[in-house]
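Working through the structure, step by step
The primary structure of each chain is shown beneath.
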Amino acid sequence: MVVKVDAEKCIGCGLCVSICPDVFELGDDGKACIKNPRNCSKCDCKGAAEGCPVQAISL
Ligand code: SF4
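Here is a short report on the structure shown in this document. From a predicted model like this one, the values you see are computed outputs, not experimental measurements.

1. Some details on the overall build of the chain
The helix and strand inventory of the chain stands at 2 helices and 4 strands. In the chain, the order of α-helices and β-strands from amino to carboxyl end is β-α-β-β-α-β. A compact globule built from 59 residues should have a C-alpha radius of gyration of about 10 Å, and the chain, at 10 Å, falls within 12% of that. Seen through its principal axes, the chain has C-alpha atoms that stretch 25 × 20 × 15 Å.

As structure tokens, then:
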């Protein structure tokens, strides 16, 4: 499973970072970026993808 963030859509709400901090982080531009795409140990990032309010996360 490889996860991607569409920076054009991301509004920087931080939800994915709080759900899956091993995978996501907020970059200097205030948008989510991928820290380590294979680091999800809990949910395969489905929780973050489903929770993202603007559907910026794809799996
Ligand atoms: S949950 Fe979605 S909008 Fe919020 S920071 Fe993550 S990618 Fe961006």
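2. A short note on the site of the ligand
Around the ligand sit Cys10, Ile11, Gly12, Cys13, Gly14, Leu15, Cys16, Ala32, Cys52, Val54 and Ile57, and those are all the residues in its vicinity. Judged by the proximity of its atoms to the pocket grid, the ligand belongs to the largest cavity. Residue classes in the shell around the ligand are distributed as 9 nonpolar, 2 polar and no charged.

3. Digging into the nonpolar core
Of all hydrophobic cores here, the largest spans 14 residues; its most connected members are Val3, Cys16, Cys20, Val23, Phe24, Cys45 and Ile57. For Ile57, the residues in contact, after removing those within four places along its chain, are Val3, Lys4, Val5, Cys16, Phe24, Ala48, Ala49 and Cys52.

4. A look at empty space enclosed by the protein
Sizing a probe to match a water molecule and rolling it over the atoms shows the empty space that remains. If you walk through the whole model with that rule in mind, you get 2 cavities of 30 Å³ or more. There is about 100 Å³ of room inside the largest cavity. Around the largest cavity, the lining comprises 16 residues; the ones closest to its centre are Cys10, Cys13, Cys16, Ala32 and Cys52. Split into classes, the residues belonging to the lining of the largest cavity amount to 13 nonpolar, 3 polar and no charged.

5. Comments concerning the environment of Val2
You can see Val2 is positioned in the segment before strand E1 (4-5). Sequence separation of Val2 and Cys40 is 38 residues, and the distance between their C-alpha atoms is 9.8 Å.

About the criteria used
Residues numbered from 1 in each chain as written. Predicted model: local features only at pLDDT ≥ 70, side-chain atom pairs only at ≥ 80, totals over all residues. Heavy atoms only, no water. Helix = DSSP H or I, 4+ residues; strand = E, 2+ residues; numbered from the N terminus. Rg over C-alpha atoms; globule rule 2.2 N^0.38 Å. Near = heavy atom within 4 Å. 1 Å grid on protein atoms, 1.4 Å probe; cavity = no way out; pocket = protein on both sides within 12 Å on 5 of 7 lines; lining within 4 Å. Sits in = over half its atoms within 2 Å of the grid points. Nonpolar A, V, L, I, M, F, W, Y, C, P; charged D, E, K, R; others polar. Core = buried A, V, L, I, M, F, W, Y, C linked by side-chain atoms within 4.5 Å. Buried < 20%, exposed > 50% of the residue type's maximum accessible area, 1.4 Å probe, protein only. Contact = heavy atoms within 4.5 Å. Points joined across faces, edges and corners; volume = space filled by probe spheres on them.

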